[in-house]
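The residues making up each chain are set out below.
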Amino acid sequence: MGVVHGAGKRISATMDQFGLKAEFIDGLRVTDEETLKVVQAVLSDFNQRIVWSINKRGGKAVGISGVSGDLFAARKIHHDLGFVGSIEKVDGELAKLFTQNGYIPVIYPIGSDEQGTLFNINADHAASELACSLKAEKLILLTNVNGVLRNRDDEGSLIPSLTLSEAKSILEESFVTAGMKPKVESCISAVEHGVKSAHIIGLKRHAILEEIFTEEGVGTMITR
Ligand SMILES: Nc1ncnc2c1ncn2[C@@H]1O[C@H](COP(=O)(O)OP(=O)(O)OP(=O)(O)O)[C@@H](O)[C@H]1O
Ligand SMILES: [Mg+2]
């Protein structure tokens, strides 16, 4: 098992403290040089807090960025987004080394290119790429809503399961916006590349167990 995390709300709050304005295009944070510094600082801080929490509960966690072991080789996605990277290549060797030895790698999604430029990578995209590279059985994306909703303001409109083609067609529809867009894209890409199931679920106590071990689940599951 491995963990990839973002820190969206924390980054926006810290940007606000420093008088920077958070801006998003299709759910991705526009990242200029100053924003990248905030992104790095907040992600690294949050990473250590997650590692500590896992260790405290008896797990053995180790925190790394996507630069370690050349995990995420990245490149600029689009000029308008600044230092936002897409993943060119994944080297899952280091993550494997940890998991094989009983450590849970906790990864924050900063990647680098050949020149050493650092990029902010969306955590959902990073998790999906890593899952594919490790030939993981499942990709589980945790968030602040229970899954994909038909109506963003109504938790009762949760879509419990989607096939690959259904997932692709809802991306075309207008109700999947903002941060949900990279999640659905990431699930589609993971399942297309051999991950058996991809799940979008709300971050609640026992949510992962319920999603995996109950018939009805708690969130949205995407399969072939
Ligand atoms: N159809 C939809 N169903 C559910 N949520 C949706 C939908 N369309 C847009 N959203 C939004 O997507 C958000 C989840 O993505 P978001 O990127 O904000 O969170 P995250 O990835 O969990 O955390 P981070 O802040 O680190 O990015 C929800 O809070 C919701 O506002
Ligand atoms: Mg997000």
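This structure is a prediction, so every number in the text was calculated from the model and none was measured.

Before going further, it helps to spend a moment on the overall build of the protein chain. Scanning the protein chain for helices and strands turns up 7 helices and 13 strands. Against the 2.2 N^0.38 benchmark of 17 Å for 224 residues, the protein chain shows a C-alpha radius of gyration of 17 Å, consistent with a compact globule. Summarising its shape, the C-alpha atoms of the protein chain cover approximately 45 × 40 × 30 Å along the three principal directions. Within the protein chain, buried positions represent 36% of all 224 residues.

Contacts to ligand 1 come from 17 residues, most closely from Gly6, Gly8, Thr143, Gly179 and Met180. Grouping the constituent residues of the shell around ligand 1 by class yields 8 nonpolar, 7 polar and 2 charged. Residue assignment places the shell around ligand 1 across two domains, with domain 1 (1-135) and domain 2 (137-224) each supplying three or more.

Moving on to the nonpolar core. One broad rule of soluble globular proteins: the nonpolar side chains tend to lie buried together. Residues Leu139 and Cys187 are the most contacted members of the largest nonpolar core, which totals 53 residues. Residue contacts for Leu139: discarding those within four places in its chain leaves Ala127, Ser128, Ala131, Cys187, Ala190, Val195 and Ala198.

What follows concerns the sheet that holds strand S12 (residues 197-202). Across the sheet, which stays open at both edges, the 4 strands sit in the order S10-S12-S13-S11 with mixed pairing between neighbours. The open sheet terminates on both sides in strands that have one partner only, identified here as strand S10 (138-143) and strand S11 (161-163). In this sheet, neighbouring strand axes are inclined to one another by 15° on average, regardless of whether the strands run parallel or antiparallel. Sheet topology note: the S11/strand S13 (residues 220-223) ladder contains 3 bridges and is parallel. In the sheet register, Ser161 faces S13, and the bridge partner there is Met221. Sheet strands touched by helix H5 (residues 164-172): S11 and S13. Its angle to S11, the strand with the most contacts, is close to 95°. Against the sheet, helix H6 (residues 180-192) contacts S10, S12 and S13, and its axis sits at roughly 175° relative to S10.

The next point concerns the environment of Val3. Along the polypeptide, Val3 turns up in strand S1 (residues 3-4). Residue Val3 is classed as partly exposed on the basis of its C-beta count, with 19 C-beta atoms lying within 10 Å. Spatially, the C-alpha atom of Val3 lies 19 Å from that of Ile188, the residues being 185 residues apart in sequence. Setting aside residues up to four positions removed in sequence, Val3 forms contacts with Ile50, Ile104, Val106 and Ile107.

With that settled, consider the packing of helix H1 (residues 8-17) against helix H2 (residues 33-56). Contact pair H1 / H2: the axes reach a minimum separation of 9 Å and the direction vectors enclose 130°. By the angle between their axes, H1 is oblique relative to H2. H1 and H2 meet at a crossing whose hand is right-handed. Contact with H1, carried on its side by Arg10, Ile11, Thr14 and Met15, involves Thr35, Val38, Val39, Val42 and Phe46 of H2 and no other residues of that element. Counted by class, the contact of H1 with H2 contains 6 nonpolar, 2 polar and 1 charged residues.

What follows is about the domain arrangement of the protein chain. Domain annotation of the protein chain identifies domain 1 (1-135) and domain 2 (137-224). Taken over C-alpha atoms, the centre of domain 1 sits 21 Å from the centre of domain 2. Facing 12 residues of domain 1, the contacting portion of domain 2 comprises 13 residues. The residue makeup of the side of domain 1 that touches domain 2, split by class, is 5 nonpolar, 4 polar and 3 charged.

The rules we used
Residues numbered from 1 in each chain as written. Chains lettered and ligands numbered in written order. Predicted model: local features only at pLDDT ≥ 70, side-chain atom pairs only at ≥ 80, totals over all residues. Helix = DSSP H or I, 4+ residues; strand = E, 2+ residues; numbered from the N terminus. Rg over C-alpha atoms; globule rule 2.2 N^0.38 Å. Buried ≥ 20, exposed ≤ 12 C-beta atoms within 10 Å, placed from the backbone. Near = placed C-beta within 6 Å. Nonpolar A, V, L, I, M, F, W, Y, C, P; charged D, E, K, R; others polar. Domains from an automatic or database assignment. Core = buried A, V, L, I, M, F, W, Y, C linked by C-beta atoms within 7 Å. Contact = placed C-beta atoms within 7 Å. Pairing = 2+ DSSP bridges. Axes fitted to C-alpha atoms, helices over the stretch in contact; angles between N-to-C directions. Parallel < 35°, antiparallel > 145°, perpendicular 65-115°, else oblique. Left-handed = near helix turned anticlockwise from the far one by under 90°.

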